[in-house]
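What follows is each chain in one-letter form.
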Amino acid sequence: MIKDEIRKYHQLLSKLHKAINDDDSSQIAVLDRDIEVIWQSILSHEPEDETDLFLMVDFLLTIVLPAPDRDGTKVIAAERIRSLVQDFAVAQDSKSSESSGNASN
């Protein structure tokens, strides 16, 4: 599940920051490779449901707009993207419900 992969990514990133602070080059190299693997896994993940989709969108937005770089306009844009994704998912669910309802008639 994507939630576990995102959590693992953040854990590895925290460990990487510690290794950098400790100037541990061998640990940095290992963590860098591990982060790349989990990053590729996250990017290639196909959402299984709305929750997966929302988690991925939120995660990717935090990558694109890290907290210190967020200004009013960027926060508003990120919230609008989240809203659009949610609206789209709800619309898709409605279409699926209508299609399955029509198929049973």
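Placed above this text is the structure.
The shown structure was predicted, so the numbers you read here are calculated from the model rather than taken from an experiment.

Draft legend 1. Region of the structure containing the packing of helix α2 (residues 25-44) against helix α3 (residues 50-64). In contact at an axis separation of 11 Å, α2 and α3 are set at 130° when each is read in the N-to-C sense. It follows that α2 is oblique to α3 by the angle criterion. Classified by chirality, the crossing of α3 by α2 is left-handed. For the pair formed by α2 and α3, the contact residues are Trp39, Ile42 and Leu43 on the first element and Met56, Phe59, Leu60 and Ile63 on the second. Its residues placed into classes, the contact of α2 with α3 shows seven nonpolar, no polar and no charged.

Draft legend 2. Structural detail: the pattern of salt bridges. Counted according to the given criterion, the structure contains four salt bridges. Arginine 7 is the salt-bridge partner of aspartate 4, the closest N and O atoms lying 3.0 Å from each other. Residue aspartate 4 and its partner arginine 7 are both found in helix α1 (residues 2-21); the two are separated by three residues, about one turn of the helix. On the basis of relative accessibility, which here comes to 39%, the residue aspartate 4 falls in the partly exposed class. Arginine 7 gets classed as partly exposed once you look at its relative accessible area, which sits at 43%. Ionic pairing is found between lysine 18 and aspartate 22, a salt bridge with its closest N-O pair at 2.6 Å. On the accessibility criterion, aspartate 22 (49% relative accessible area) is partly exposed. Residues joined by salt bridges that share partners form a network here, namely Asp58, Glu79 and Arg82.

Draft legend 3. Up close: the side chain of aspartate 52. Mapped onto the elements of the fold, aspartate 52 is located in helix α3. The charged side chain of aspartate 52 is buried without a salt bridge, its nearest counter-charge being lysine 3 at 9.5 Å.

Draft legend 4. Just the environment of histidine 45, in detail. For histidine 45, the location among the structural elements is in the loop between α2 and α3. Sequence spacing of histidine 45 and methionine 1 is 44 residues, and the spatial spacing of their C-alpha atoms is 8.9 Å. Residues within four places of histidine 45 in sequence aside, it is in contact with Ile2, Asp52 and Met56. Of the polar contacts made by the side chain of histidine 45, one reaches the side chain of aspartate 52; its length is 2.9 Å.

Definitions and cut-offs
Residues numbered from 1 in each chain as written. Predicted model: local features only at pLDDT ≥ 70, side-chain atom pairs only at ≥ 80, totals over all residues. Heavy atoms only, no water. Axes fitted to C-alpha atoms, helices over the stretch in contact; angles between N-to-C directions. Helix = DSSP H or I, 4+ residues; strand = E, 2+ residues; numbered from the N terminus. Parallel < 35°, antiparallel > 145°, perpendicular 65-115°, else oblique. Left-handed = near helix turned anticlockwise from the far one by under 90°. Contact = heavy atoms within 4.5 Å. Nonpolar A, V, L, I, M, F, W, Y, C, P; charged D, E, K, R; others polar. Salt bridge = Lys/Arg side-chain N within 4 Å of Asp/Glu carboxyl O. Buried < 20%, exposed > 50% of the residue type's maximum accessible area, 1.4 Å probe, protein only. Lys, Arg positive; Asp, Glu negative; His and termini not counted. Polar contact = N/O pair within 3.5 Å; in protein donor to acceptor, adjacent residues only side chain to side chain.

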